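Structural characterization, general
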Amino acid sequence: MIQIQHDVQLQPFNTLNLHSIASHYVKIDSIQSLIAALNYAEQQQLNVLILSGGSNLLLPEHIQALVLHINIQGIELVEDHPNHVKVKVGGGQIWHDFVLMTTESGWYGLQNLALIPGLVGASPVQNIGAYGVEVGEFIESVQVYDRFEKTTQDIFAEDCQFAYRDSIFKRDPNRYIITHVTFRLLKQPQLKLSYGDLKAAVGSDISPENLQKQVIQIRQSKLPNPKQYPNVGSFFKNPVIDQADFDQLLTKFPQIPHYPQAQGCVKIAAGWLIDQAGWKGKKLGSVGMFEKQALVLVNYANASLSDVRHTYQSVQYDVKQRFNIQLEPEPVLFDSNGLIRSHSEV
């Protein structure tokens, strides 16, 4: 049995703290309640908006749709091998709490991803990543409800099309609803310390516990707590450009932070670009880029979606003028019908 609520304020459920009223809302705690809610939406001819932890989305002031708030819990050890474990996790589990639990259990791989906000079910969508690790590296499979086939299925990692901040779930958002994620984690740590500030912070204590501790401390020192400064974490993707364009950029800006990528491409630090364009600590009205980390957009007061858009588009314009690079926002943008829109088309 599901309980549909009407005219629900979604401000507590999005970390940017945007006022947004949903015409219809329901909390989902099982696959059965998910199916019942989807049937209700079909009967009422309502679009469906999937809400997870609310840490990577931009909501309008009014949404005429059924908002499904995923709250499926549970952590199950499904395979215990001498070298690895497989753990099935409900999409409604808090991501950071799960990472802490894996470290305490002696399961390794996710330590670089500590303190990333949001829920487990959202982690495959963006293929969340930090400090040289992407979650797709440790995903065995993703259990979804396929809205086209009207059935549950497991999609194995090799079919998820994981890429930088991308996946099949992001590219086809109206088809799949993630209910569970199964991770394949190591019993013997293989630590990744490729990022300079992380390697320096870890120092001589090269252990998973210390790695996780340092990641948390670095993130806390740079990123504002959403409860104090509402934000969605990193607002823009780090742009990836080809080698020729990078070589040209390097002649003008020899200090530009960069990271070699596959196929001769180079990843540029978006935060550095924003800082150099004069936006670190700068505000437009009630919205600005955080003073300690230029990549983080903050809602300092009661900003609307239009306020947020005005600020980030201004940042995009200034970076484009200075570096000829078009920054791409990370958060998913929704319209008043609960549909995902491109940042460039609104």
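Computed from a prediction, not measured in an experiment: that's the story for all the values here.

Rules and cut-offs
Residues numbered from 1 in each chain as written. Predicted model: local features only at pLDDT ≥ 70, side-chain atom pairs only at ≥ 80, totals over all residues. Heavy atoms only, no water. Helix = DSSP H or I, 4+ residues; strand = E, 2+ residues; numbered from the N terminus. Rg over C-alpha atoms; globule rule 2.2 N^0.38 Å. Buried < 20%, exposed > 50% of the residue type's maximum accessible area, 1.4 Å probe, protein only. UniProt positions renumbered as here; feature names shortened; annotations may be inferred. Contact = heavy atoms within 4.5 Å. Polar contact = N/O pair within 3.5 Å; in protein donor to acceptor, adjacent residues only side chain to side chain. 1 Å grid on protein atoms, 1.4 Å probe; cavity = no way out; pocket = protein on both sides within 12 Å on 5 of 7 lines; lining within 4 Å. Points joined across faces, edges and corners; volume = space filled by probe spheres on them. Nonpolar A, V, L, I, M, F, W, Y, C, P; charged D, E, K, R; others polar. Domains from an automatic or database assignment. Buried area = accessible area lost by both parts, 1.4 Å probe. Salt bridge = Lys/Arg side-chain N within 4 Å of Asp/Glu carboxyl O.

1. A closer look at the overall build of the chain
Scanning the chain from N- to C-terminus turns up nine helices and 21 strands. Computed over C-alpha atoms, the radius of gyration of the chain comes to 20 Å, within 12% of the 20 Å expected from 2.2 N^0.38 for 346 residues, which places it in the range of a compact globule. Oriented by its inertia axes, the alpha-carbon framework of the chain measures out at about 60 × 55 × 35 Å. Among the 346 residues that make up the chain, the fraction classed as buried is 53%.

2. Considering the UniProt feature "active site" (unreviewed entry) in the chain
Under the UniProt annotation, the feature "active site" (unreviewed entry) is placed at Arg165, Ser234 and Glu330. The greatest C-alpha distance among the annotated residues, which extend across 166 residues, is 11.6 Å, indicating that they converge on a single site. Sequence-distant contacts of arginine 165, that is, excluding residues within four places in its chain, are made with Gln126, Asn127, Ile128, Gly129, Glu134, Lys170, Lys237 and Glu330. Side-chain polar atoms of arginine 165 contact the backbone oxygen of glycine 129, separated by 3.2 Å. Tracing the chain through its elements places serine 234 in strand E13 (residues 231–234). Of the residues examined, serine 234 reaches a relative accessible area of 30% and is grouped as partly exposed. With near-sequence residues (within four places) excluded, serine 234 lies in contact with Leu295 and Glu330.

3. Some remarks on the environment of arginine 147
Within the secondary structure, arginine 147 is located in the loop between strand E10 (139–146) and strand E11 (151–156). Apart from residues lying up to four places away in sequence, arginine 147 is in contact with Leu38, Val48, Asn174, Arg175 and Ile177.

4. Remarks on empty space enclosed by the protein
Following the criterion strictly, the structure yields one cavity of 30 Å³ or more and no others. Taken as a whole, the largest cavity spans an internal volume of roughly 70 Å³. Taken together, Tyr108, Gly109, Gln111, Asn112, Val133, Phe138, Pro189, Gln190, Leu191, Lys192 and Leu211 make up the lining of the largest cavity. Here the residues of the lining of the largest cavity are counted per class, giving six nonpolar, four polar and one charged.

5. Considerations on the domain arrangement of the chain
With domains assigned, the chain is organised as domain 1 (5–70), domain 2 (75–192) and domain 3 (224–341). Relative to domain 2, the C-alpha centre of domain 1 lies at a distance of 23 Å. Listed by partner, the interface residues are 13 residues for domain 1 and 16 residues for domain 2. Both sides together, the interface formed by domain 1 and domain 2 hides about 1100 Å², and carbon and sulfur atoms give 69% of it. Seen at the junction of domain 1 and domain 2, the total is one salt bridge. For lysine 150, the salt bridge is made with glutamate 42, and the minimal N-O distance between the two is 3.2 Å. At the junction of domain 1 and domain 2, the tally comes to two residue pairs in polar contact (both at pLDDT 80 or more). Of all the elements in the fold, those that place two or more residues in the side of domain 1 that touches domain 2 are helix H1 (31–44), strand E3 (48–51) and strand E5 (62–70).

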